[in-house]
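Remarks on the overall topology
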Amino acid sequence: MNRSVIQLLMILVTLSGSAVAQLYDVQISVTPKKIDQQKSRKGEHSTVTTKEMAYSVTVENRSFKTFDELNVKYMIFYTDSQPGRSDKPIEAHHKGSETLSNLSTHRKAQFETAPFKLEKEELDGGWFYRSGGDGRARDRVTGVWLRAYTDGNLVGEYANPSTLTKNREWED
């Protein structure tokens with residue numbers, strides 16, 4: 001092969017590799033964490049279970065430079081079901097951010113998101129709503145999306161499920 005063609009290919013490989021590496025300077029992983037759970041009675045015929053949750057977030061600097069200040073922003077999406085209603089649950093989200101200082105090269109840092117609550121309400125056996133709505137209403141997490149920024153530049157992103165980035169809009 002011609003030497004100039006090989007050099008051109010090497011330059012293209014280097015450029016495309018650095019563009020991809022830019023998005024992977026920071027690796028983010030999350031784990032759900034149940035903080036508290038309480039059951040109580042609502043009225044005479046239903047039970048409400050309230051679960052307080054957060055996510056444990058691990059951020060790893062995979063670059064060869066120290067990040068003086070890394071701002072990690074997150075959005076947690078969930079459905080808020082309404083007891084006795086037969087229409088679709090309300091889509092909602094919980095968002096926040098955390099700033100990490102002096103994240104050295106190839107080091108990890110951890111933090112927890114702000115806690116949020118999910119509720120489950122169930123009618124006792126033999127009871128039903130006049131409206132015909134479901135006797136069970138349960139809030140559910142539908143996704144988690146995090147972004148890491150340094151000096152205003154996006155250096156890492158995590159979304160579960162990955163379709164969140166296509167189906168939702170990011171809000172700062």
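Note that the coordinates shown come from a computational prediction; the quantities given were computed from them, not determined experimentally.

On average, residues of the protein carry a pLDDT of 82, and 78% of them reach 70 or more. The secondary-structure element of the protein with the lowest mean pLDDT is helix H1 (residues 3-23), recorded at 44, while strand S5 (residues 108-112) shows the highest, at 96. Overall, residues 8-22 carries pLDDT values under 50, and its contacts beyond four positions in sequence, including any with other chains, amount to 3 contacts.

Following the criterion strictly, the structure yields 2 aromatic pairs and no others. Their ring planes at 70° and their centres at 5.0 Å tell us that Trp 145 and Trp 170 sit as a pair that is edge-to-face. Of this pair, Trp 145 sits in strand S8 (residues 140-150) while Trp 170 is found in the segment after helix H2 (164-167), placing the two residues 25 residues apart along the sequence. Judged on exposure class, the residue Trp 145 and its partner Trp 170 are both buried. Against the face of Tyr 149 rests Lys 73, its NZ or CZ located 5.3 Å from the ring centre.

Reading across from one edge, S4-S3-S8-S9 is the order of the 4 strands in this open sheet, with antiparallel pairing throughout. Of all the strands in the sheet, the pair left with one neighbour each is strand S4 (90-103) and strand S9 (153-160). Strand after strand, the sheet turns through a mean of 15° between neighbouring axes, direction not considered. When strand S3 (residues 67-80) meets S4, the two strands line up antiparallel, connected through 13 bridges. Residue Tyr 74 lies in a different strand from S4, and its bridge partner there is Gly 96.

For the coordinates displayed, the defined rule picks out 6 salt bridges. Arg 147 is the partner of Glu 157 in a salt bridge, and the nearest nitrogen-oxygen pair spans 3.1 Å. Linking Glu 157 in strand S9 with Arg 147 in strand S8, this pair joins segments that are 10 residues apart in sequence. Take Glu 157: its relative accessible area is 34%, and that puts it in the partly exposed class.

Further remarks concern unusual backbone geometry. Looking along the chain, the bond that leaves Asn 160 and enters Pro 161 is cis, with omega of 0°. Relative to the elements of secondary structure, Pro 161 occurs in the loop between S9 and H2. The backbone of Asn 102 shows a phi angle near 50°, a positive value even though the residue is not glycine. Structurally, Asn 102 is set in strand S4.

For the rest of this paragraph, the subject is the environment of Val 144. Structurally, the position occupied by Val 144 is in strand S8. Taking the relative accessible area as the measure of exposure, Val 144 reaches 6% and is therefore buried. Separated by 70 residues in the primary sequence, Val 144 and Tyr 74 place their C-alpha atoms 7.4 Å from one another.

To continue, consider the side chain of Thr 79. Structurally, Thr 79 is set in strand S3. What Thr 79 contacts, discounting residues up to four positions off in sequence, is Pro 89, Ile 90, Glu 91, Arg 138, Asp 139, Arg 140 and Thr 142.

By size, the foremost hydrophobic cluster in this structure holds 24 residues, and its most contacted members are Val 26, Val 59, Leu 70, Val 72 and Leu 146. Only strand S1 (26-42), strand S2 (46-61), S3, S4, S5, strand S6 (116-123) and S8 provide two or more residues apiece to this core. Among the elements that make up this core, the one with the highest residue count is S3 (6 residues). Sequence-distant contacts of Leu 146, defined by excluding residues within four places in its chain, comprise Ile 28, Val 30, Val 57, Val 72, Lys 73, Tyr 74, Gly 156, Glu 157, Tyr 158 and Trp 170.

What counts and what doesn't
Sequence order as written defines the numbering, with residues in each chain counted from 1. Given that the model is predicted, a residue must reach a pLDDT of at least 70 before its local features are reported, and side-chain atom pairs must reach 80 or more before they are shown or counted; all residues, however, enter totals for whole chains, interfaces and linings. The side-chain numbers reported here are obtained from all heavy atoms of the structure, hydrogens and water having been left aside. pLDDT: the predictor's confidence for each residue, scored from 0 to 100. Strands here mean DSSP runs of E at least two residues long; helices mean DSSP runs of H or I at least four residues long; both are numbered from the N terminus. Throughout, a contact is declared for two residues whenever any of their heavy atoms are within 4.5 Å. Here is the rule: rings of Phe, Tyr and Trp (six-membered ring for Trp) pair when centre to centre is within 6.5 Å. Planes less than 30 degrees apart are stacked, more than 60 are edge-to-face, and the remainder are tilted. Only protein chains enter the accessibility calculation, which uses a 1.4 Å probe. A residue is then buried if its area is under 20% of the maximum for its type, exposed if over 50%, and partly exposed in between. The criterion is that NZ of a Lys, or CZ of an Arg, lies within 6 Å of the ring centre and within 35 degrees of the ring normal, and then a charge sits over that ring. When DSSP finds two or more bridges between a pair of strands, those strands are recorded as paired. The convention used is that axes are lines fitted to C-alpha atoms, helices contributing only their stretch in contact, and that angles between N-to-C directions extend from 0 to 180 degrees. For this document, the term salt bridge refers to a Lys or Arg side-chain nitrogen within 4 Å of an Asp or Glu carboxyl oxygen. Among buried residues, the Ala, Val, Leu, Ile, Met, Phe, Trp, Tyr and Cys ones that are joined through side-chain atoms within 4.5 Å form a nonpolar core.

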